[in-house]
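Residue-level structure breakdown
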Amino acid sequence: MSTPGRSLISRIVWSTLIVTAIAMVAMVGTVLLILAALTRNNIDNRLHDQLSAVSATVTVRGDGTVTALETPNDSIDDTTWIFAADGAVIEGPRVGARLTAIATSLSDVRAETNLNQDEHAFLAAPVTRSGTVRAVVVVEAPLEPYESTRNLTLLGLAALALVVTGGSAALAAWTVRRTLEPVETMAESAEDWSEHDLDSRFETTEVDDEFGHLGRTLNGLLDRVAGALRGEQRLTSELAHELRTPLTAIRGEAELSLMAESDADIRVRLERVVTLVDVMSTTISSLVAIARDDARTSSHTTSDVLVRTVLEHHPHARGISVSTDGITAVDIAVPIDLAARALSPILDNALQHARSRVTIVAETEGRMVRIRISDDGEGLPSGDTESVFLSGRRGPASTGAGLGLALSRRVARTLGGDVHVTSAADPTTFTVTLPVS
């Protein structure tokens, strides 16, 4: 289901992805902090246990010589140094010079001391006998096994986080798509019904879920829309019938008067009455066709004939010149009467506001013909290019009812085209688009 910008499905999937990723990062961070604390605690406990075991074996002979008994665990002896009070090595493992140098640097401590260096943890503490420091014990534990465990754990948690995050996003996409599929189907059906069948409705059940409620709501809305359209069609037909009768009578009286009248001025006025009656009759027929959605027929005309027909009913005034040099003869797939109803209000507006010149250009673009009507008037206020098409909206100098531009757009859209303001000033340009044959 496509929407302007990012679709609802993508927004939900991205939200799920971001929230899950944040949760996974928080989880991994928390696990690493806990693991680091446990590792540090295990190392400290091991070193303290080892230090206590070795310190207990330290003895002082009668001549003041410090000795240490063998421990039952060789691994303790391999990671332990015993120094005399003066820093001399009493016992120590056969290890590299670097570890020995680190242990020797702790041989003079007089309080329990921790040191982490070169991926090894050291703990040193003095051994006191009879209130006197007799020796210093230094024990060591490698950090590499703990760091390997931590790195493997981190790698496993990162892989798990990626799997969970990707799986959550995929599951969200699948779930949301399946969930919104009925909504997309309903939208497509409603769009099709609005064009072809106002009597169709959604099948709903008595189950009071969200889709059932949506279907019932849309059915009610379709009922009201269909009722409004039928009411408009009925009202338009009744008004057309009521208006055509007096118009026919007026035209008949004018034609009879023409037959009996010899005065030239009066004959011109009577001919003008007949012409206006014909225009009104055409307008009524156009409105009825629009209301009944019968505007699209097999009839067609051409752009040059359409412009020439509209100009015949708009005599030039106030010395305004109308240029039609830019008109290309293009077949238009709409009846000329309805196309004229779309174009006529635009030309009226241009002639009313122009200072000296109106330009009409017609050309094709794809499957549409674009008729641009420009005038050299004052132009439209900035940002006011859409409100001019509102029914009843008119300018301060307008003498009309403010319905012409609104009717023009409605007729054009009914015919499969549109009307837009393509330039608000210098010049002011309205563009009417209609489908080509």
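What follows covers the sheet that holds strand S6 (residues 120–129). One open sheet accounts for 5 strands, arranged S4-S3-S7-S6-S5; its pairing is antiparallel. Two strands lie at the open edges of the sheet, namely strand S4 (89–91) and strand S5 (113–117), each paired on one side alone. Averaged over all adjacent pairs, the angle separating strand axes in this sheet is 25°, with direction ignored. Across the face of the sheet, helix H1 (residues 8–57) comes into contact with strand S3 (80–84), S5, S6 and strand S7 (132–142) while running at roughly 140° to S7. Its contacts with the sheet put helix H3 (residues 97–105) on S3, S5, S6 and S7, and the angle it makes with S3 is roughly 45°.

Moving on, we get to the side chain of Thr429. Mapped onto the elements, Thr429 comes out in strand S14 (residues 428–435). With relative accessibility at 6%, the residue Thr429 sits in the buried group. Within polar-contact distance, the side chain of Thr429 engages the side chain of Ser374 at 2.8 Å. Those residues in contact with Thr429 that lie beyond four places of it in its chain are Arg372, Ile373, Ser374, His420, Val421, Thr422 and Ser423.

Membership of the largest hydrophobic core comes to 38 residues, with the highest contact counts inside it found for Leu306, Leu343, Val358, Ile360, Ile371, Ile373 and Leu434. Elements supplying a minimum of two residues to this core: helix H7 (303–312), strand S9 (321–327), helix H8 (336–353), strand S11 (357–365), strand S12 (368–375), helix H9 (404–414), strand S13 (418–423) and S14. Sort the elements by how many residues they give to this core and H8 lands first, with 9 residues. Setting aside residues no more than four positions away along its own chain, Leu306 makes contact with Thr301, Ile332, Ile336, Ala339, Ala340, Leu343, Ile371 and Leu434. Residues Leu51, Val58, Ala68 and Leu143 belong to the second largest nonpolar core, which totals 17 residues.

This next bit is on H3. Within H3, burial applies to Leu99, Ile102 and Ala103. An end-on view of H3 places all buried positions within 95° of arc, on one side of the element. With respect to the buried face of H3, the exposed residues turned more than 90 degrees away are Ala97 and Arg98. For H3, the secondary structure elements touched by its buried residues are S3, S5, S6 and S7.

To continue, consider the confidence of the model for the protein. Of the residues in the protein, 86% have a pLDDT of 70 or more, and the chain-wide mean is 82. The low-confidence segment residues 1–5, where pLDDT is below 50, has 4 contacts with residues more than four positions distant or belonging to other chains.

The tally for this structure, following the rule as stated, stands at 2 aromatic pairs. With a centroid separation of 6.3 Å and an interplanar angle of 40°, the aromatic rings of Trp81 and Phe122 are classed as tilted. Here Trp81 is found in strand S3, whereas its partner Phe122 is found in strand S6, with 41 residues between them in sequence. Like Phe122, Trp81 is buried. Taken together, a centroid distance of 6.1 Å and an interplanar angle of 75° make the contact between Phe389 and Phe430 edge-to-face. With Phe389 in the loop between S12 and H9 and Phe430 in strand S14, this residue pair connects regions lying 41 residues apart in the sequence. Across the pair, exposure class does not vary: Phe389 and Phe430 are buried alike.

Each value, and the rule that gives it
- Residues numbered from 1 in each chain as written.
- Predicted model: local features only at pLDDT ≥ 70, side-chain atom pairs only at ≥ 80, totals over all residues.
- Heavy atoms only, no water.
- Pairing = 2+ DSSP bridges.
- Helix = DSSP H or I, 4+ residues; strand = E, 2+ residues; numbered from the N terminus.
- Axes fitted to C-alpha atoms, helices over the stretch in contact; angles between N-to-C directions.
- Contact = heavy atoms within 4.5 Å.
- Buried < 20%, exposed > 50% of the residue type's maximum accessible area, 1.4 Å probe, protein only.
- Polar contact = N/O pair within 3.5 Å; in protein donor to acceptor, adjacent residues only side chain to side chain.
- Core = buried A, V, L, I, M, F, W, Y, C linked by side-chain atoms within 4.5 Å.
- Arc of directions from axis to C-beta.
- pLDDT = per-residue confidence, 0-100.
- Phe/Tyr/Trp six-rings, centres within 6.5 Å; stacked < 30°, edge-to-face > 60°.

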